[in-house]
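# Observations on the three-dimensional arrangement
So you can see what is in the structure, the chains are spelled out below.
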Amino acid sequence: ESPYNFLVAASYSDQGRALLKWIKDNHEGGEPTVALLYNDTAFGRSPVEDMKAYSKEIGVEIVDEQVIDVKATEAQSQLLNMEKKNPDYGIIQQTWAATSTILRDSKTLGIDTKYMGLNWTTGEGLLDNVDAATAEGFMGILLNADPTEDVPGMAEVKEYVEEKGKTLEDIDQKFIQGWVTSKIMFEAVKLAAEQNPEGDITGAQIRAAMESLTNLDLGGLAPNVTFTSDNHAGTTQVRIGVVKDGKWEVMTDFISYED
C-alpha cells in the first residue's frame, strides 16, 4: 500500500513485543501482569492490539489499560485506577513529557509498578524532563547507540561532527538516529547509481536498491538492516536499557522477540 515506506528501526509493535518477551523471560514470582499506558493518537494506539495479541501468545496477562493525554500534566486518576489491578509492569507508549508526568505522579502516589517504555519514552529527553531519582529504574527501548558508546560506526560520526567544529559531546542519541536513517538512504542511492550508470537515477531504482540491501552493517549504531520487495521492515531488533544513577545503562545486546 505504501511502496516507498521503509522502517529503518523496529516498529512500535515489535518494540512492545520485545518488552513483553523480556518480562516473560525475566519475571520472578508467578505469572507477570502488565498494564498498558498510552495516548489516544495513532502513535499511542499503534502497538496496542499487537501487544495484546502477543501477550496472549506467550502467557503474559494484560490486566489494565489507561489512556493518558499526550499533553497531560497530571495522571493521578488514571494511575489510581491502574493501581486497583496491581500490575507488576506498566508499559508506556508516550512522549518524554507524558512519561515524566506518569513517573512523577506514580512516585507521589507510592505505586510500586515497574515501568518501561517504547523508544520515544527513552533517551536523554526523559532525563531532561524528570529528576534522576524519579527516573531511577525506568526501563526502555534504545534503538540507537549513544554518542558516548565506543562502537565502530561512531568513528565516522566523530569525523563528521569535528569537521563542523563540534564534538561527540555536542550531539545526542537522536542525532545518531538521524545519522542511521541517512546512512541507509545513502547506501541505497549509491547502489542504485552503481546499478544504473547511464543517466539520472529514479525513485523506483532507489527503491529497488533499498529492497536489495541485505544485513547492512551500521557499525553498532543500530542493528543491521535487511529489506526485500516483500518486507520493508528492516529489523525487529532492539536493545533494552535502564536508568541508573541518572544515566541510561544498556542492559541487553540487540535482541528480538523472535529470538
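Residues numbered from 1 in each chain as written. Predicted model: local features only at pLDDT ≥ 70, side-chain atom pairs only at ≥ 80, totals over all residues. Heavy atoms only, no water.

## Notes on the sheet that holds strand 1 (residues 33–38)
Inclusion rule: Note on pairing: two strands pair once DSSP finds at least 2 bridges between them. In this text, helices come from DSSP runs of H or I with a minimum length of four residues, and strands from runs of E with a minimum of two, each type numbered from the N-terminal end. Orientation is described by lines fitted to C-alpha atoms, with helices fitted over the stretch in contact, and by angles between N-to-C directions that extend from 0 to 180 degrees. Contact criterion: two residues are considered in contact whenever any of their non-hydrogen atoms come within 4.5 Å of each other.
If you trace the seven strands from one edge of the open sheet to the other, you get 2-1-3-4-5-6-7, paired in mixed fashion. Two strands close off the open sheet at either side, each with one partner strand: strand 2 (61–67) and strand 7 (247–250). Each strand of the sheet is rotated relative to its neighbour by a mean of 30°, with strand direction disregarded. Sheet analysis places strand 4 (residues 114–117) next to strand 5 (residues 139–142), joined by two bridges and oriented parallel. Across the sheet, the residue bridging to M116 is M139, located in strand 5. Where helix 3 (residues 48–58) meets the sheet, its contacts fall on strand 1, strand 2 and strand 3 (89–93), and the angle it forms with strand 2 comes to roughly 165°. Strands in contact with helix 4 (residues 76–83) are strand 1, strand 2 and strand 4; relative to strand 2, the strand with the most contacts, it is inclined by about 165°.

## Re the packing of aromatic side chains
Here a ring pair, both rings aromatic, is described through the centre-centre distance and the interplanar angle of the planes. Applied cut-off: Here the aromatic set is Phe, Tyr and Trp, taking the six-membered ring for Trp, and pairing holds for ring centres within 6.5 Å; pairs whose planes are under 30 degrees apart are stacked, those over 60 apart are edge-to-face, and all others are tilted. Here's how the labels work: a residue is buried when its accessible area is under 20% of the maximum for its type, exposed when over 50%, partly exposed in between, all with a 1.4 Å probe on protein chains only. Lysine and arginine charges are scored as sitting over a ring when NZ or CZ, respectively, is within 6 Å of the ring centre and within 35 degrees of the ring normal.
This structure, assessed with the given rule, holds seven aromatic pairs. Geometrically, the ring pair formed by F6 and F227 is edge-to-face, given 5.3 Å between the ring centres and 90° between the ring planes. Here F6, found in the segment before helix 1 (12–26), pairs with F227, found in the loop between helix 10 (203–210) and strand 6 (239–244); they are 221 residues apart in sequence, far enough to count as distant. The exposure class of F227 is buried, given its relative accessible area of 1%. For the ring pair F138 and W248, a centre distance of 6.2 Å and an interplane angle of 70° mean the geometry is edge-to-face. Taken together, the residues span a long stretch of sequence, with F138 in the loop between helix 7 (132–135) and strand 5 and W248 in strand 7 at a distance of 110 residues. F138 sits in the buried class, given a relative accessible area of 2%. An aromatic cluster is built from Y160, F175 and W179, whose rings are joined through pairwise contacts. Over the ring of W120 we find K174; its NZ or CZ atom is 4.6 Å from the centre of that ring. When the ring centre of Y4 is taken as reference, the NZ or CZ atom of R207 above it lies at 4.9 Å.

## A look at the pattern of salt bridges
Let me state the cut-off plainly: A pair is scored as a salt bridge if a Lys or Arg side-chain nitrogen falls within 4 Å of a carboxyl oxygen belonging to Asp or Glu.
Here the structure, examined in full by the defined rule, presents 13 salt bridges. Between K52 and E65 there is a salt bridge; the shortest N-O distance is 3.0 Å. Separated by 13 residues along the polypeptide, K52 in helix 3 and E65 in strand 2 bring together distant segments of the chain. Using a relative accessible area of 24% as the deciding quantity, one classes K52 as partly exposed. Here E162 makes a salt bridge to K158, at a shortest N to O gap of 2.7 Å. Of this pair, E162 and K158 both sit in helix 8 (residues 154–163), four residues apart, which is roughly one turn of that helix. Each of E156, K183, E187 and K190 takes part in salt bridges that share partners, so that together they form one network.

## Considering the side chain of Q66
When you line up the elements, Q66 lands in strand 2. Judged by relative accessible area, Q66 falls into the buried class, the value being 10%.

## Regarding the nonpolar core
The following threshold applies: Side-chain atoms within 4.5 Å are what join buried Ala, Val, Leu, Ile, Met, Phe, Trp, Tyr and Cys residues into a set we call a nonpolar core.
In terms of nonpolar packing, the biggest core is built from 25 residues, with L20, V34, I91 and M116 touching the most fellow members. For this core, the secondary structure elements donating two or more residues are helix 1, strand 1, helix 3, strand 3, strand 5 and strand 6. For V34, the contacting residues outside a window of four places in its chain are L20, I23, V60, E61, I62, V63, D64, P87, Y89 and I91. Listed in part, the 24 residues of the second largest apolar core include V161, I206, L216 and L218.

## A word on helix 4
To be explicit about the condition: By construction, the arc corresponds to the directions joining the helix axis to the C-beta atoms.
By the burial criterion, the buried members of helix 4 are Q78, L79 and M82. On an axial view of helix 4, the arc spanned by its buried residues comes to 95°, and they lie on one face. Considering only its buried residues, helix 4 is in contact with strand 1, strand 2, helix 5 (96–109) and strand 4.

## What to know about the environment of R239
This is how it is decided: Polar contacts, as used here, are pairs of N or O atoms within 3.5 Å; protein pairs need one atom able to donate a hydrogen and one able to accept it. Residues neighboring in sequence count only if both atoms are side-chain atoms.
For R239, the location among the structural elements is in strand 6. For R239 and Y12, which are 227 residues apart along the polypeptide, the C-alpha to C-alpha distance reads 13 Å. Contacts of R239, omitting those with residues within four sequence positions, involve G140, I141, L142, N144, A145, D146, E149, V250, T252, D253 and F254. Separated by 2.9 Å, the side chains of R239 and E149 make a polar contact.

As far as function goes, none of this settles anything; it's purely spatial.
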